[in-house]
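Chain by chain, the residues run as shown.
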Amino acid sequence: MIVQAGQRMLQRVMFEKQFAGKRSGPPPALLFLTRAFPRLRMIPARFVGFGPRPEHAPGYARRTV
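Please read all numbers here as calculations on a predicted model, not as lab measurements.

Draft legend 1. Local environment of the overall build of the chain. For the chain, the helix and strand inventory stands at three helices and zero strands. Listed N to C, the secondary structure of the chain is α-α-α in terms of helices and strands. Dimensions of the chain, computed from C-alpha atoms along their principal axes, come out at roughly 55 × 25 × 10 Å. Total accessible area on the chain is roughly 6,200 Å²; 63% of this is exposed by carbon and sulfur atoms.

Draft legend 2. Spatial organisation of the layout of surface pockets. If you add up the space inside the largest pocket, you get close to 350 Å³. The wall of the largest pocket is formed by 14 residues, among which Leu10, Leu30, Leu40, Ile43 and Pro44 lie closest to the centre. Those elements giving two or more residues to the lining of the largest pocket turn out to be α1 (2-19), α2 (28-36) and α3 (42-50). For the lining of the largest pocket, the class distribution of residues is ten nonpolar, three polar and one charged.

Draft legend 3. Seen up close, α1. Relative to the 26 Å expected for 18 residues at 1.5 Å per residue, α1 spans 25 Å between its end C-alpha atoms, a close match to the ideal helical length. The sharpest bend along α1 comes to roughly 35°, located at Arg12. Of the residues trailing α1, Gly21 is marked for its positive phi of about 80°.

Each value, and the rule that gives it
Residues numbered from 1 in each chain as written. Predicted model: local features only at pLDDT ≥ 70, side-chain atom pairs only at ≥ 80, totals over all residues. Heavy atoms only, no water. Helix = DSSP H or I, 4+ residues; strand = E, 2+ residues; numbered from the N terminus. Areas by Shrake-Rupley, 256 points an atom, 1.4 Å probe, with all protein chains shown as cover. 1 Å grid on protein atoms, 1.4 Å probe; cavity = no way out; pocket = protein on both sides within 12 Å on 5 of 7 lines; lining within 4 Å. Points joined across faces, edges and corners; volume = space filled by probe spheres on them. Nonpolar A, V, L, I, M, F, W, Y, C, P; charged D, E, K, R; others polar. Expected span 1.5 Å × (residues − 1). Bend = angle between axes of the 7 residues up to and from the residue.

Written as structure tokens, this is what we have:
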């Protein structure tokens, strides 16, 4: 649910304006940050892939070392 809320916000903030022709390209500050710090590009992918909360596996499915 949290990931979907983030996706809806991204759609509303960035993509709707681009589709309406009001802005071309990403926001300048975001572009600067991702060029200055390339590792920041991994954050959205990890957020969508793993989610903001840990997995809730039952006890029998957890690995014990």
